[in-house]
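Summary of the model geometry
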Amino acid sequence: MFYPIMIDLEKVNILIVGGGKIASRKARSLLRYGASIKVISPKFSLELLELAEKTKNGRIYSQNIEKESIDLKIDDKKNICDLEKEKKSLSIEKRDYEDFKENNQLINSNDKSSDIIKDANEEKNTKLAGNICLIEREFNFDDLCDIDLLYLATDDIKLNKEIASYCISNNILVNSVDNHKQSSFINTAFFEEKFDGEDIVISVSSKGKSPKNTKNLKNKLKEYFSK
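Quantities reported herein were computed from a predicted structural model and do not represent experimental measurements.

**Here's the deal with the environment of Val-39**
For Val-39, the location among the structural elements is in strand β2 (residues 36–41). The spatial distance from the C-alpha of Val-39 to the C-alpha of Gly-19 is 7.1 Å, given a sequence separation of 20 residues. In this view, Val-39 contacts Ile-16, Gly-18, Phe-44, Leu-48, Ile-132, Cys-133, Leu-134 and Ile-135; residues no more than four positions away in its chain are not counted.

Take a look at the structure:
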């Protein structure tokens with residue numbers, strides 16, 4: 001059973017595997033709360049590239065990384081995003097936003113749903129306090145070294161299941177966005193409001209069973225508190 005909890009994102013290492021619409025939405029929400037995120041995918045949505053451009057120390061890395069160069073051991077404290085001192089030893093190229101956008105693979109994102117538009121509008125008025133590092137390549141299990149919290153947002157159901165099983169066996173908090181039964185944590189629908197002059201967070205969950213009902217109830221509560 002899932003137990004509701006709040007976590008200080010500035011104190012955990014976060015990885016998102018996948019570069020599409022759902023990964024973009026997760027990254028945007030995490031960045032609002034000061035998270036430092038790695039995102040690994042062979043392709044990225046334009047939304048993710050724009051997030052990397054907007055955050056203070058956002059980075060985009062194109063790859064050819066030799067596997068032996070990043071074969072991290074469990075007790076190795078290196079952070080693959082902190083590559084400034086290792087550029088000479090890794091076959092990796094930092095890419096700027098415009099160059100990457102024009103010359104690399106992007107996930108087409110033509111979704112103009114109200115949720116996407118609403119998220120984008122809210123982002124304009126919300127400081128993105130965290131940092132994001134985009135790494136353009138396929139996932140490998142070495143990427144889980146030093147990771148505390150993982151979101152699986154690929155369209156490969158088999159891969160999601162394999163990674164989720166590994167994480168659960170190795171005490172890494174994992175959320176598989178396509179299957180809450182393969183997750184060790186799930187997110188709630190939440191929003192922030194003022195109540196009696198204090199900042200509060202109001203959170204709603206259906207324990208992963210009905211995202212639609214959760215969203216509807218959250219919106220009703222948000223409407224009530226905004227009156």
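The structure having been displayed, the exposition proceeds.
**Some details on the pattern of salt bridges**
Per the stated rule, a full pass over the model turns up three salt bridges. When the shortest N-O distance is used, the salt bridge between Lys-11 and Asp-8 registers 3.7 Å. Exposure remark for Asp-8: the relative accessible area of 36% places this residue in the partly exposed category. Two residues, Asp-143 and Arg-137, come together in a salt bridge whose shortest N-O distance is 2.7 Å. Its relative accessible area of 5% is what places Asp-143 among the buried residues.

**Re the side chain of Thr-55**
Here Thr-55 is to be found in the loop between α2 (46–54) and β4 (59–63). Classification of Thr-55 by relative accessible area gives buried; the value is 4%. A polar side-chain atom of Thr-55 sits 3.5 Å from the main-chain carbonyl oxygen of Ala-52. Aside from chain neighbours lying at most four places away, what touches Thr-55 is Leu-31, Leu-128, Gly-130, Asn-131 and Ile-132.

**Observations regarding the nonpolar core**
Within soluble globular proteins, side chains that are nonpolar generally end up buried alongside one another. One finds Ile-37, Leu-48, Ile-132 and Leu-134 to be the most contacted residues of the largest nonpolar core, which totals 24 residues. Counting only elements with at least two residues in this core, the list comes to β1 (14–17), α1 (21–31), β2, α2, β7 (131–136) and β8 (149–152). The residues touching Leu-48, leaving out its near neighbours within four places in the chain, are Gly-18, Gly-19, Gly-20, Ala-23, Ser-24, Ala-27, Val-39, Ile-132 and Leu-134. In terms of nonpolar packing, the next biggest core, distinct from the first, is built from 16 residues, Cys-133, Ile-135, Ile-147 and Cys-167 among them.

**Let's talk about the packing of α1 against α2**
Axes are the key here: two packed helices are described by the angle between their axes and the distance separating the axes. Remark: α1 packs on α2, axes separated minimally by 8 Å, with the N-to-C direction vectors making an angle of 25°. Considering the angle they form, α1 stands roughly parallel to α2. Crossing of α1 against α2: the hand is left-handed. Here Ala-23, Ser-24, Ala-27, Arg-28 and Leu-31 of α1 lie close against α2, whose contacting residues are Glu-47, Leu-48 and Leu-51. The residue inventory of the contact of α1 with α2, partitioned by class, reads five nonpolar, one polar and two charged.

**A closer look at unusual backbone geometry**
Phi is positive for Asn-171, close to 60°, though the residue is something other than glycine. A relative accessible area of 75% places Asn-171 in the exposed class. Here Asp-196, not a glycine, exhibits a phi torsion of approximately 55°, which is positive. Tracing the backbone shows Asp-196 in the loop between β10 (189–195) and β11 (198–204). Asp-196 gets classed as exposed once you look at its relative accessible area, which sits at 70%.

**Some remarks on the pairing of β2**
Of all six residues in β2, five are buried, a share of seventy percent or more. Direction of pairing for β1 relative to β2: parallel, over a ladder of four bridges. When the bridges of β2 are listed, Val-17 appears paired with Ile-40. Traced from β1 through α1 to β2, the parallel crossover comes out right-handed. The sheet contact formed by β2 and β7 spans six bridges and is parallel. If you follow Val-39 over to β7, its bridge partner there is Leu-134.

**Examining the packing of aromatic side chains**
Enumeration over the complete set of coordinates arrives at six aromatic pairs. On the numbers, 5.9 Å between centres and 70° between planes, the contact of Tyr-33 with Phe-190 is edge-to-face. Placement of the pair is Tyr-33 in the loop between α1 and β2 and Phe-190 in strand β10, with a sequence separation of 157 residues. Of the residues examined, Tyr-33 reaches a relative accessible area of 35% and is grouped as partly exposed.

Scoring rules and cut-offs
- Residues numbered from 1 in each chain as written.
- Predicted model: local features only at pLDDT ≥ 70, side-chain atom pairs only at ≥ 80, totals over all residues.
- Heavy atoms only, no water.
- Helix = DSSP H or I, 4+ residues; strand = E, 2+ residues; numbered from the N terminus.
- Contact = heavy atoms within 4.5 Å.
- Salt bridge = Lys/Arg side-chain N within 4 Å of Asp/Glu carboxyl O.
- Buried < 20%, exposed > 50% of the residue type's maximum accessible area, 1.4 Å probe, protein only.
- Polar contact = N/O pair within 3.5 Å; in protein donor to acceptor, adjacent residues only side chain to side chain.
- Core = buried A, V, L, I, M, F, W, Y, C linked by side-chain atoms within 4.5 Å.
- Axes fitted to C-alpha atoms, helices over the stretch in contact; angles between N-to-C directions.
- Parallel < 35°, antiparallel > 145°, perpendicular 65-115°, else oblique.
- Left-handed = near helix turned anticlockwise from the far one by under 90°.
- Nonpolar A, V, L, I, M, F, W, Y, C, P; charged D, E, K, R; others polar.
- Pairing = 2+ DSSP bridges.
- Right-handed = clockwise from strand over helix to strand, strands pointing away.
- Phe/Tyr/Trp six-rings, centres within 6.5 Å; stacked < 30°, edge-to-face > 60°.

Any functional reading would require information that these geometric values do not contain.
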